[in-house]
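Fold and geometry: a report
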Amino acid sequence: MRDFLSYDPNETKPEFTEPVVDPVARAREHARVDLPKRFYREVSVGQAEGGAWRVLLDGRPVRTPARRHLEVPRRDLAEAMAAEWAAQETTIDPRSMPHTRLANAVIDGVAVQPAAVAADALKYAGSDLLCYRATDAARLVERQTRLWDPVLDWIEETYGAHFLVAEGIVHVAQDPEAIAAVGRALEPLDPWRLAGLHSLTTLTGSLFLALAHAGGRLDGQATWDAATVDEAWNLELWGEDEEAVARLVARRREFDVASAFLLEAAAGQP
């Protein structure tokens with residue numbers, strides 16, 4: 001698979017693509033190559049046949065690396081992508097276009113091999129963030145318990161899947177039947193929701209948090225707070241570090257995009 005974009009076949013501009021392995025991971029990866037120059041003046045959105053929404057550059061649709069039309073199920077997602085295209089100045093930088101990158105990954109990757117993407121997300125159930133607790137720092141342990149235990153309770157109530165909790169980093173083997181029960185919850189997801197869930201899972205280290213967010217048990221902020229308990233603790237303990245804060249800000253940006261794909265696509269509204 002290749003990443004990012006290729007232009008309309010009637011356009012003479014070159015392609016900007018990259019090889020990837022994981023069709024969702026490519027939503028956060030980019031090639032370190034010379035960036036293509038901005039070639040368009042106007043950016044708009046338009047509705048395609050079947051009700052999908054497209055980004056239009058000077059009236060022409062953008063295409064994915066596999067030359068499929070870059071289309072999303074909702075207008076607000078198309079408008080978010082259009083804003084990214086409009087914000088490009090002299091060059092087109094994929095690092096500043098997370099909605100576009102994830103949409104490309106869905107169309108060319110997730111929709112083609114959804115079972116592989118679901119299986120990759122399910123791997124996290126065997127070593128989920130929520131199942132490994134701190135061994136010291138009583139306040140951190142209390143915070144993890146307060147934020148994580150209700151999610152594990154919800155997972156058990158919703159899917160009939162009980163997961164063991166361990167202290168420290170020593171691996172604990174989870175019940176294969178519990179993992180299989182959670183896996184069945186991924187089967188009905190359309191490619192857009194599946195991509196959002198996979199991305200949230202990899203960003204947080206927790207399939208359980210992603211499922212709780214998808215199921216309405218946690219809103220975006222509560223999901224983020226639960227996912228970053230350890231980071232917040234370290235910042236409180238050691239003080240703010242510019243690089244650490246910058247990483248969190250970038251990660252939050254990707255988190256919000258994944259949440260938008262996971263939740264907005266599910267609403268089914270134009």
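Residues numbered from 1 in each chain as written. Predicted model: local features only at pLDDT ≥ 70, side-chain atom pairs only at ≥ 80, totals over all residues. Heavy atoms only, no water.

An unreviewed UniProt entry lists the chain under the name ATPase, with Prosthecodimorpha staleyi given as the organism.

**Quick notes on the environment of N234**
Within the fold, N234 resides in helix 9 (residues 229-238). A C-alpha to C-alpha distance of 9.7 Å links N234 and L140, two positions 94 residues apart in sequence. (Helix = DSSP H or I, 4+ residues; strand = E, 2+ residues; numbered from the N terminus.)

**A short note on the confidence of the model for the chain**
On average, residues of the chain score 87 in pLDDT, and 85% of them reach the 70 mark or higher. The low-confidence segment residues 1-21 (pLDDT under 50) makes 73 contacts with residues lying over four places distant or belonging to another chain. (pLDDT = per-residue confidence, 0-100. Contact = heavy atoms within 4.5 Å.)

**Here we look at unusual backbone geometry**
Here the phi dihedral of R67 falls at roughly 65 degrees; this positive angle occurs in a residue that is not glycine. Structurally, R67 can be placed in the loop between strand 3 (60-61) and strand 4 (71-72). Judged by its relative accessible area of 38%, R67 is partly exposed. In the Ramachandran plot, A137 falls in the positive-phi region, its phi being about 55 degrees despite a non-glycine side chain. Mapped onto the secondary structure, A137 falls in the loop between strand 5 (132-133) and helix 4 (138-159). (Buried < 20%, exposed > 50% of the residue type's maximum accessible area, 1.4 Å probe, protein only.)

**What to know about the environment of G50**
Structurally, G50 is set in the loop between strand 1 (43-47) and strand 2 (53-57). Given a relative accessible area of 88%, G50 falls into the exposed group. Separated by 23 residues in the primary sequence, G50 and P73 have C-alpha atoms spaced 9.5 Å apart.

**Description of the environment of V117**
Relative to the assigned elements, V117 resides in helix 3 (residues 114-122). With 80 residues separating them in the primary sequence, V117 and L197 have C-alpha atoms 9.9 Å apart.

**Some thoughts on the pairing of strand 2**
For a regular strand, the rule is simple: side chains alternate between the two faces of the sheet. A large share of strand 2 lies buried, amounting to 4 of its 5 residues. One ladder, built from 5 bridges, connects strand 1 with strand 2; its direction is antiparallel. Bridge pairing in strand 2 links V43 to L57. The hairpin turn running from strand 1 into strand 2, its antiparallel successor, is 5 residues long, and G50 in that turn takes a positive phi close to 90 degrees. Pairing geometry for strand 2 and strand 4, over 2 bridges, is antiparallel. (Pairing = 2+ DSSP bridges.)

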